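Residues per chain are reported as follows:
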Amino acid sequence: MHQAALLGGMIRDATHYGWAIQPVLHDWGTMAEAVQNHVKSLNWGHRVQLQDRKVKYFNVKASFVNEHTVCSVAKDGKETLLSAEHIVIATGGRPRYPTHIEGALEYGITSDDIFWLKESPGKTLVVGASYVALECAGFLTGLGLDTTVMIRSIPLRGFDQQMSSLVTEYMASQGTQFLRGCTPSRVRRLPDGQLQVTWEDLTSGKEDVGTFNTVLWATGRIPETRSLNLEKAGVKINPNSQKILVDAQETTSVPHIYAIGDVAEGRPELTPTAVMAGKLLARRLCGQSSDVMDYDNVPTTVFTPLEYGCVGLSEEEAVARHGEEHVEVYHAYYKPLEFTVAQRDASQCYIKMVCLRKPPQLVLGLHFLGPNAGEVTQGFALGIKCGASYVQLMQTVGIHPTCAEEVAKLRISKRSGLDPTVTGC
Amino acid sequence: MSSPPGRRARLSSPGTGRSSSEAREELRRRLLGLIESNRVMIFSKSYCPHSARVKELFSSLGVECNILELDRVDDGANVQEVLSEITNQKTVPNIFVNKVHMGGCDQTFQAHQSGLLQKLLQEDAAYDYDLIVIGGGSGGLACAQEAAILGKKVMVLDFVVPSPQGMSWGLGGTCVNVGCVPKKLMHQAALLGQALSDARKFGWEYSQQVRHNWETMTEAIQNYIGSLNWGCRLSLREKAVAYVNSYGEFVEHHKIKATNRKGQETYYTAAKFVLATGERPRYLGIQGDKEYCITSDDLFSLPYCPGKTLVVGASYVGLECAGFLAGIGLDVTVMVRSVLLRGFDQEMAEKVGSYMEQHGVKFLRKFVPVMVQQLEKGSPGKLKVVAKSTEGPEAIEEVYNTVLLAIGRDSCTRKIGLEKIGVKINEKSGKIPVNDVEQTNVPYVYAVGDILEGKLELTPVAIQAGKLLARRLFAGHLEKCDYVNVPTTVFAPLEYGCCGLSEEKAIEVYKKENLEVYHTLFWPLEWTVAGRDNNTCYAKIICHKFNNYRVIGFHVLGPNAGEITQGFAAAMKCGLTKQLLDDTIGIHPTCGEVFTTLEITKSSGLDITQKGC
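Along each chain, the written sequence defines residue order, and numbers are assigned to residues from 1. For this description, chains carry letters from A and ligands carry numbers from 1, given in the order in which they are written. A pLDDT threshold of at least 70 governs which residues receive local features in this predicted model, and a stricter bar of 80 or more applies before side-chain atom pairs are shown or counted, although totals over entire chains, interfaces and linings include all residues. Water and hydrogen atoms were dropped before computing side-chain values, which therefore reflect all heavy atoms in the structure.

Draft legend 1. Representation of the overall build of chain A in the model. The helix and strand tally for chain A stands at twelve helices and 22 strands. For the radius of gyration, the atom set is restricted to C-alpha positions; the globular benchmark scales as 2.2 Å times the number of residues to the power 0.38. In terms of C-alpha radius of gyration, chain A reaches 24 Å, essentially the compact-globule figure of 22 Å for 425 residues. Counting only C-alpha atoms, chain A reaches 70 × 65 × 50 Å along its principal axes. For every residue, the accessible area (1.4 Å probe, protein chains only) is compared with the maximum for its type, and the residue is labelled buried under 20%, exposed over 50%, or partly exposed between those bounds. Sorting the 425 residues of chain A into buried and exposed places 50% on the buried side. The contact criterion used is simple: two residues touch if any of their non-hydrogen atoms lie within 4.5 Å. Here the contacts in chain A between residues at least 6 apart in sequence split such that 58% fall between residues at least 24 apart. Methods summary: accessible areas were calculated by the Shrake-Rupley approach with a probe of 1.4 Å, and residue burial reflects only the protein chains presented. Surface summary for chain A: the accessible area is close to 19500 Å², and the carbon and sulfur share equals 51%. His is not counted here, nor are the chain ends, while Lys and Arg score as positive and Asp and Glu score as negative. Taken as the charge location is NZ of Lys, CZ of Arg, CG of Asp or CD of Glu. One way to put it: in chain A the 40 positive side-chain charges average out to a point 4 Å from where the 45 negative ones average out. Numbering goes from the N terminus for both helices and strands, where a helix is a DSSP run of H or I of at least four residues and a strand is a run of E of at least two.

Here you go:
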């Protein structure tokens, strides 16, 4: 759906590039059907792959009976007991409903629903400031919908805050509205079917009201551990987060029970980490290797309208760990070549490399805000994994003309106070 | 792309600890001080007969020399090593005249014979400039600006000789005016055409008939280029670099003649020169080529849509132009004499070509044009092209609106008076041989960019080389331009990015049995919903089995290949291995992540087509 929104931007760009095209409309139904068909084909693909590899697949809900046995309940209510030597818990998480808010459950939806809506959500309020919230708000705006994001405190908690501000600044410039320092208190359905949301402005203490067609909760996710009867197997969880406690080997408090992915405590909630953790665990269980998952320097990308890719430490974290006097930050505001002809504003296209100050200036973190950030970040993530220093990265010759080459041309340090805007020649 | 295998190891050798590297730095400063402060500085050995001859020469000229006898000082061996870093010369005597590295005994005697030595000795008769750069392209401007930042008095001469079709342009060279910049923008125009058709699948509704307007596109692109030309001039002015829009040619040592558009001649002298004249498209030398054909010098500012086009040549320029012309809806044919993308990995080149073919570009393989004839004038007109087979007597003829030649480029080195000062060029290619500090055979003349023999023709390389050269010349730096593992991308309709060796070259250098090639096809997520070409995008790495599976070649064919390749190139600089690729977490969902999950080796012969998840 992010891609659908990007295509909307490209259609607008296209006129500048000589394509004569009439004003356009977006049809939600066509997009949703196409996206859903692809997802269904993936579901099918997963089943086929399991079959090919002779993995038995049960479409049942499972819970522990004891430490080697689970009870599975099928849709028709039929119960079966299954036992195994090793058990891996990978139940993931589901969006959290703020049940203390009146009307939240009845009238709100979550990211579990948005991709499956058959009709356009219309004017939408997104509550939350996680990457899920910003990504959803971003593509809804891009598809031409009136979209508002309500944020209680800060956007993208845990990410570099300068980058986060630029992400939301760009979204605002594209028409996403932001209600900062606000928290919803109730949702009601009006006679015409619209949803009336009441919220409190935390700074002024005043109440305010607005009407929307859709309210999307993106205030966090809850690990799916409650219905597993973990206590019957003796698997311990963190009572606050409800996540399963694991060690470096992904082992829970019970030696032959493991947990991977979003359900495990302290793990990044990212697909590729879960995939790799799962693979490595299987290899260890089969005695093929003893490699454990390295959760450091995991790259990720937030697919907001202007994409944000990062790997390693945020500037705040680097300063906290090493002290400001030992950290050097190189940065640049750049303009993607394609933006020029399209007359797009590039005020938020920004790159920042966080390094140790001591030569050869080991790279601690890389932050890239711009088109194709995911593609740009992937290779540099490897460089950082190889222990790249600033000096080595600067010796890399650029690929012209790309956005990624700007990373290899970062010359201005924040400390110098010089203007970090990249100029033409 | 070729690279001597031994070189990297030497460059990245770990050094010998911090204190000794500091001492070395100190020694280097001391030597540079000696070179700077003495009119003639000779590093010699007291017993060396060649050194003795040079000392005699200078004394016969009545010139006072400062001599350092390396066998009489404690750290003579270190001095010799540092000298070889500075000058790329390992032997003694090692002679500097007025800060210019002369060379050894033979070079000094040659310079004496040619009069260069006497001229260098008269250096006090100050030159107009510290540095004159001939050519205002990427490499020349980078070098000039860096030298000016370092406080030197610098001049840039830039003059665009109009193409046979009468096209010329402003400051900035090929990249800005008739290369990277306009071609990437036209490529983007073509990608947007593809995006428009994808967009329907993603729910966007718009008029059925979509047409592309050439004039709108070129005007927008030319406006942007105009702003870059202006930016270049401004940037030179800010740094107090003198810019002269004149054609420069050497008339004698240290002296050039600059001729402007009106034919007025001015003479300038400088202590050092950098040649950065670049290259221009080659013509076929057949009937009608210069009269009727265009090249990439003309295409980007063509005032009318080229219509049905024949592109001659399958260089990256040829394929890129053919690709975007087809992408904006034109009927395009590429005529290929032998292979696509010579010098690039041929498996990748063929895939680039076959994607183009699937998307409407016609290929005429093993044909060369023999005659171009105008049938009708117009904008565009009609041209008849007669071509013959390279394999037999077969001849074909066809009518096109435009014929674009992309058969290669020639260095602009033959008409700049190099023979007057004895700068050697490769007579066949016109390229200039330089040592690894970009110095020509004439000590005070250097060269950067596309005109260098055996180096890469890429903007960022020229920029890097130009900058580092200025720092070595004027700031005592030592860092040399590293031409190894330079990444590049061909912006064909399906982009092809690469870094390091092609599979063919890797096999030639390391032998097939020492290599493991991992590869896979992949399907970008964005293409799935759009229903586009499954099993077309391709990723390949070449690893050296007995060097810890180090990645020596990286190849990717897919959308945004340039953006993907850049970071991997940085990782290759840091010693990328297969294990590190496997240990790195992918960014989901991207194309780049495919490199973190490569499992199938080419030697296994296993199926690499993609099914499901």
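Draft legend 2. Spatial organisation of the UniProt feature "domain: FAD/NAD(P)-binding" (unreviewed entry) in chain B. In this numbering, the UniProt entry assigns the feature "domain: FAD/NAD(P)-binding" (unreviewed entry) to residues 129-466 of chain B. Secondary structure across residues 129-466 of chain B comprises 33% helix and 27% strand; the distance between its end C-alpha atoms is 18 Å. UniProt positions are given in the numbering used here, feature names are shortened, and annotations may be inferred rather than shown by experiment.

Draft legend 3. How the structure looks around the UniProt feature "domain: Pyridine nucleotide-disulphide oxidoreductase dimerisation" (unreviewed entry) in chain B. In this structure's numbering, the residues bearing the UniProt feature "domain: Pyridine nucleotide-disulphide oxidoreductase dimerisation" (unreviewed entry) are residues 486-597 of chain B. Secondary structure across residues 486-597 of chain B divides into 29% helix and 29% strand, with the first and last C-alpha atoms of the span separated by 24 Å.

Draft legend 4. Summary view of helix α3 (residues 49-60) of chain B. All names here are of chain B. The span one expects for a helix is its residue count, reduced by one, times 1.5 Å. Between its first and last C-alpha atoms α3 spans 16 Å; for twelve residues at 1.5 Å apiece the expected length is 16 Å, and the two agree. Every buried residue of α3 is listed here: Ser51, Val54, Leu57 and Phe58. Taken end-on, α3 shows its buried residues confined to a sector of 120°, consistent with a single buried face. In this structure, α3 carries Pro49, Glu56, Ser59 and Ser60 as exposed residues pointing more than 90 degrees from its buried face. Residues of α3 that are buried sit in contact with β1 (40-44), β3 (94-97), α5 (105-114) and α6 (116-121). Think of it as the arc spanned by the lines of direction from the helix axis to the C-beta atoms.

Draft legend 5. Spotlight on unusual backbone geometry. Here the amide bond leading from His400 of chain A into Pro401 of chain A is cis, since omega sits at -10°, within 30 degrees of zero. Cis rather than trans, the peptide bond between Ser379 of chain B and Pro380 of chain B has omega equal to 0°. Along the polypeptide, Pro380 of chain B turns up in the loop between β18 (367-376) and β19 (382-389). The phi torsion at Lys366 of chain B lies on the positive side, around 60°, for a residue other than glycine. Within the secondary structure, Lys366 of chain B sits in the loop between β17 (362-365) and β18. Note on Lys366 of chain B: relative accessible area 31%, which makes it partly exposed. The residue Asn560 of chain B is not glycine, and still its phi comes out positive at about 60°. In this fold, Asn560 of chain B is placed in the loop between β28 (550-557) and α19 (561-573). The class for Asn560 of chain B is partly exposed, based on a relative accessible area of 24%.

Draft legend 6. Quick look at the environment of Gly142 of chain A. For Gly142 of chain A, the location among the structural elements is in helix α5 (residues 131-142). Expressed as a C-alpha distance, the spacing of Gly142 of chain A and Gly175 of chain A, which sit 33 residues apart in the sequence, is 8.6 Å. Those residues in contact with Gly142 of chain A that sit more than four places away from it in its chain are Ala5 of chain A together with Trp204 of chain B.

Draft legend 7. Local environment of the UniProt feature "domain: Pyridine nucleotide-disulphide oxidoreductase dimerisation" (unreviewed entry) in chain A. UniProt feature "domain: Pyridine nucleotide-disulphide oxidoreductase dimerisation" (unreviewed entry): in the numbering of this structure it lies at residues 298-409 of chain A. The span residues 298-409 of chain A is 29% helical and 26% strand by assignment, and the distance between its end C-alpha atoms comes to 23 Å.

Draft legend 8. Geometry of the packing of aromatic side chains. By convention, a stacked pair of Phe, Tyr or Trp rings (six-membered ring in the case of Trp) has centres within 6.5 Å and planes under 30 degrees apart, an edge-to-face pair has planes over 60 apart, and any other such pair is tilted. The final tally for this structure, using the stated rule, is 16 aromatic pairs over all chains. Each ring, one from Phe115 of chain A and one from Phe139 of chain A, has its centre 6.0 Å from the other, and the planes form 40°; the classification is tilted. Taken together, the positions of Phe115 of chain A in the loop between α4 (111-114) and β9 (124-127) and Phe139 of chain A in helix α5 put the pair 24 residues apart, joining distant regions of the chain. In this structure Phe115 of chain A comes out as partly exposed when scored by relative accessible area, which is 30%. Their ring planes at 40° and their centres at 6.1 Å tell us that Phe300 of chain B and Phe324 of chain B sit as a pair that is tilted. You can see Phe300 of chain B sitting in the loop between α12 (296-299) and β15 (309-312) and its partner Phe324 of chain B sitting in helix α13 (residues 316-327), a full 24 residues away along the chain. Take Phe300 of chain B and Phe324 of chain B: they sit in the same class, and that class is buried. Ring pairing ties together the aromatic residues Phe250, Phe273 and Tyr444 of chain B, which thus form one cluster. Criterion for a charge above a ring: Arg CZ or Lys NZ at most 6 Å from the ring centre, at most 35 degrees from the ring normal. Against the face of Tyr483 of chain B rests Lys455 of chain B, its NZ or CZ located 5.0 Å from the ring centre. The ring centre of Tyr518 of chain B lies 4.4 Å from the NZ or CZ of Lys578 of chain B, which sits over that ring.

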